[in-house]
Amino acid sequence: MPSSGGRVSMGAEEDFKQVGAELADLGVQVSRMMGRPALKDQAGKVFASLQRDGAMVFRLVRDTPEHAAALELPGAALFDPMGQGKVVKDWVVVPHSSAGQWTDLAEVALSRPR
């Protein structure tokens, strides 16, 4: 199986930038967090980030309908930042195959209190 060397595919990077552009009118800024592209709200808090594998992770808050719906997308999972089985339950990783849902998920994540 070919490796991308941990680099994000150009398609995922472009889709991420598009989400940021679509939310710019809401005060969203494209920034970086821990070396990864991230979306920040007006207060500078991260609510979504692009991962090395081209997936995007969103802070959707557990036990909400949107959190549950995101987890039902093919390949979606709770965020495990270290890959050691210690999930962050408020955050959901959504693969690039569901990029068509990214803007909607980002809007929900932005609207959640932090």
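Residues numbered from 1 in each chain as written. Predicted model: local features only at pLDDT ≥ 70, side-chain atom pairs only at ≥ 80, totals over all residues. Heavy atoms only, no water.

A. How the structure looks around unusual backbone geometry. Backbone geometry places M34, a non-glycine residue, at a positive phi of 55°. For M34, the location among the structural elements is in the loop between β1 (29-33) and β2 (36-40). Residues other than glycine seldom take positive phi values, yet D63 does so here, at roughly 65°. Within the fold, D63 resides in the loop between β4 (56-59) and α2 (65-71). (Helix = DSSP H or I, 4+ residues; strand = E, 2+ residues; numbered from the N terminus.)

B. Just the pairing of β4, in detail. The alternating pattern of β4 places M56 and F58 on one face and V57 and R59 on the opposite face, and all of these are buried. Where strand β3 (residues 46-50) hands over to β4, the hairpin turn is made up of five residues, of which G54 adopts a positive phi near 90°. The pairing of β4 with strand β6 (residues 88-94) spans four bridges and is classified as antiparallel. Bridge pairing in β6 links V57 to V93. (Buried < 20%, exposed > 50% of the residue type's maximum accessible area, 1.4 Å probe, protein only. Pairing = 2+ DSSP bridges.)

C. Region of interest: the pattern of salt bridges. Evaluation of the coordinates by the stated rule reveals two salt bridges. Across the pair R62 and D90 runs a salt bridge, and its minimum N-O distance is 3.0 Å. With R62 in the loop between β4 and α2 and D90 in strand β6, this pair connects stretches of sequence that are 28 residues apart. Assessed through its relative accessible area of 41%, R62 is described here as partly exposed. The salt bridge partner of E66 is R112, with a shortest N-O separation of 2.4 Å. In this pair, E66 is assigned in helix α2 and R112 in the segment after α3 (102-111), connecting sequence segments 46 residues apart. Residue E66 is classed as partly exposed on the basis of its relative accessible area, which comes to 30%. (Salt bridge = Lys/Arg side-chain N within 4 Å of Asp/Glu carboxyl O.)

D. Representation of the packing of aromatic side chains. Per the stated rule, a full pass over the model turns up one aromatic pair. Ring centres 6.5 Å apart and planes at 45° place the aromatic pair F79 and W91 in the tilted group. On the criterion of sequence distance, the pair formed by F79 in strand β5 (residues 77-79) and W91 in strand β6 is long-range, its members being 12 residues apart. On the basis of relative accessible area, F79 is assigned to the buried category, the value being 15%. (Phe/Tyr/Trp six-rings, centres within 6.5 Å; stacked < 30°, edge-to-face > 60°.)

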